[in-house]
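# Architecture and fold: a report
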Amino acid sequence: MTRSETVETDTGTARITWYPATEKPRLLLALSHGAGGGIEARDLQAIAAELPAHGVTVALVEQPWRVAGKKLAPAPKTLDAGWRGIWPALEKKGLPVISGGRSAGARVACRTATELGAAAVLALSFPLHPPGRPEKSRADELLGAGVPTLVVQGGNDPFGKPAEFPEGAYELVEIPYGDHGFAVPKRADIGQDEAVKRITDGVTRWAGMLGG
């Protein structure tokens, strides 16, 4: 049974939708959305549906700007402040917290992981650079996370293909043919359902290796 709660932060009202573990929870995975969409994203929904069966409570977090119905995400420092504001509600569960998100949410998780005491980071569709601007690299954010990190990246993501990622102390799972939203073209030799399964399989395996 899912339930939602609102949390007041310095940047406005955020919302957490909880997907409790179906057995004794050992980890809490908090995931936020990107700058162009909400928690209805295919990867977030798939993870929230799958991970509770593996002892992981999932919290899908809507940043205050999204709850307020705004179309454009605010500056990174405002996103970070919103994430800090929901952290006490996560810590109340008494579980190690994996900080995560997709796209802009992945950047927030990386930037704040050490400060907030996250056990690990899950970066979905990490936007390594703006499309067509590889010189504008954000690799320092990823490499600076300071905790065990998993990147799940589409093989055809215009914000950074897997081969563009630098070497570092993180693991990367490639979703073949996937774009920034993990959509795969009809000509691909894997279907959309298989692509999503590779996301959840990769996250489940990685979470299973974490302490907790």
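Heads up: these notes are all about the structure in this document. Please read all numbers here as calculations on a predicted model, not as lab measurements.

With that settled, consider the overall build of the protein. The secondary structure content of the protein amounts to six helices and eight strands. Listing each helix as α and each strand as β along the protein from the N terminus yields β-β-β-α-β-α-α-β-α-β-α-β-β-α. The C-alpha radius of gyration computed for the protein amounts to 16 Å, which stays within 12% of the reference 17 Å derived for 212 residues, consistent with globular compactness. Across its three principal directions, the C-alpha atoms of the protein cover 45 × 35 × 30 Å. Within the protein, the proportion of its 212 residues that are buried is 53%. Contacts in the protein between residues far apart in sequence, at least 24 positions, make up 62% of those at least 6 positions apart. Carbon and sulfur atoms make up 52% of the accessible area of the protein, which totals about 9,500 Å². Separation of charge centres in the protein, based on 24 positive and 24 negative side chains, amounts to 4 Å.

In contact at an axis separation of 10 Å, helix α3 (residues 76-91) and helix α4 (residues 104-116) are set at 60° when each is read in the N-to-C sense. Our classification of the angle between α3 and α4 gives oblique. Helix-helix and strand crossings are classified by hand; for α3 and α4 the assignment is right-handed. The segment α3 lies against α4, with P76, L79, D80, W83, R84, W87 and E91 engaging A104, V108, A109, R111, T112, E115 and L116. Of the residues assigned to the contact of α3 with α4, the class counts are eight nonpolar, one polar and five charged.

Before going further, it helps to examine the sheet that holds strand β2 (residues 12-19). Strand order in the open sheet formed by eight strands is β1-β2-β4-β3-β5-β6-β7-β8, and the pairing between neighbours is mixed. Whereas interior strands pair on both sides, the edge strands pair on one side only; in this sheet they are β1 (3-9) and β8 (171-175). Strand after strand, the sheet turns through a mean of 20° between neighbouring axes, direction not considered. With five bridges connecting them, strand β7 (residues 149-154) and β8 associate as parallel partners. Considered in β8, the bridge of Q153 is made with E174. Lying over the sheet, helix α6 (residues 192-209) contacts β3 (27-32), β4 (56-62), β5 (97-102), β6 (120-124), β7 and β8, oriented at roughly 165° with respect to β8.

A separate point is the pairing of β6. For β6, the tally of buried residues reaches five of five residues, placing the bulk of the element in the interior. What you see with β6 is no split at all: A120, L122 and L124 on one side and V121 and A123 on the other are buried throughout. As defined by bridge partners, β5 adjoins β6 across five bridges and the pair is classed as parallel. Across the sheet, residue S99 finds its bridge partner in β6, namely V121. Crossover connection from β5 via α4 to parallel β6: handedness right-handed. In the sheet, β6 pairs with β7 via four bridges, with the strands oriented parallel.

About the cut-offs
- Residues numbered from 1 in each chain as written.
- Predicted model: local features only at pLDDT ≥ 70, side-chain atom pairs only at ≥ 80, totals over all residues.
- Heavy atoms only, no water.
- Helix = DSSP H or I, 4+ residues; strand = E, 2+ residues; numbered from the N terminus.
- Rg over C-alpha atoms; globule rule 2.2 N^0.38 Å.
- Buried < 20%, exposed > 50% of the residue type's maximum accessible area, 1.4 Å probe, protein only.
- Contact = heavy atoms within 4.5 Å.
- Areas by Shrake-Rupley, 256 points an atom, 1.4 Å probe, with all protein chains shown as cover.
- Lys, Arg positive; Asp, Glu negative; His and termini not counted.
- Charge placed at Lys NZ, Arg CZ, Asp CG, Glu CD.
- Axes fitted to C-alpha atoms, helices over the stretch in contact; angles between N-to-C directions.
- Parallel < 35°, antiparallel > 145°, perpendicular 65-115°, else oblique.
- Left-handed = near helix turned anticlockwise from the far one by under 90°.
- Nonpolar A, V, L, I, M, F, W, Y, C, P; charged D, E, K, R; others polar.
- Pairing = 2+ DSSP bridges.
- Right-handed = clockwise from strand over helix to strand, strands pointing away.

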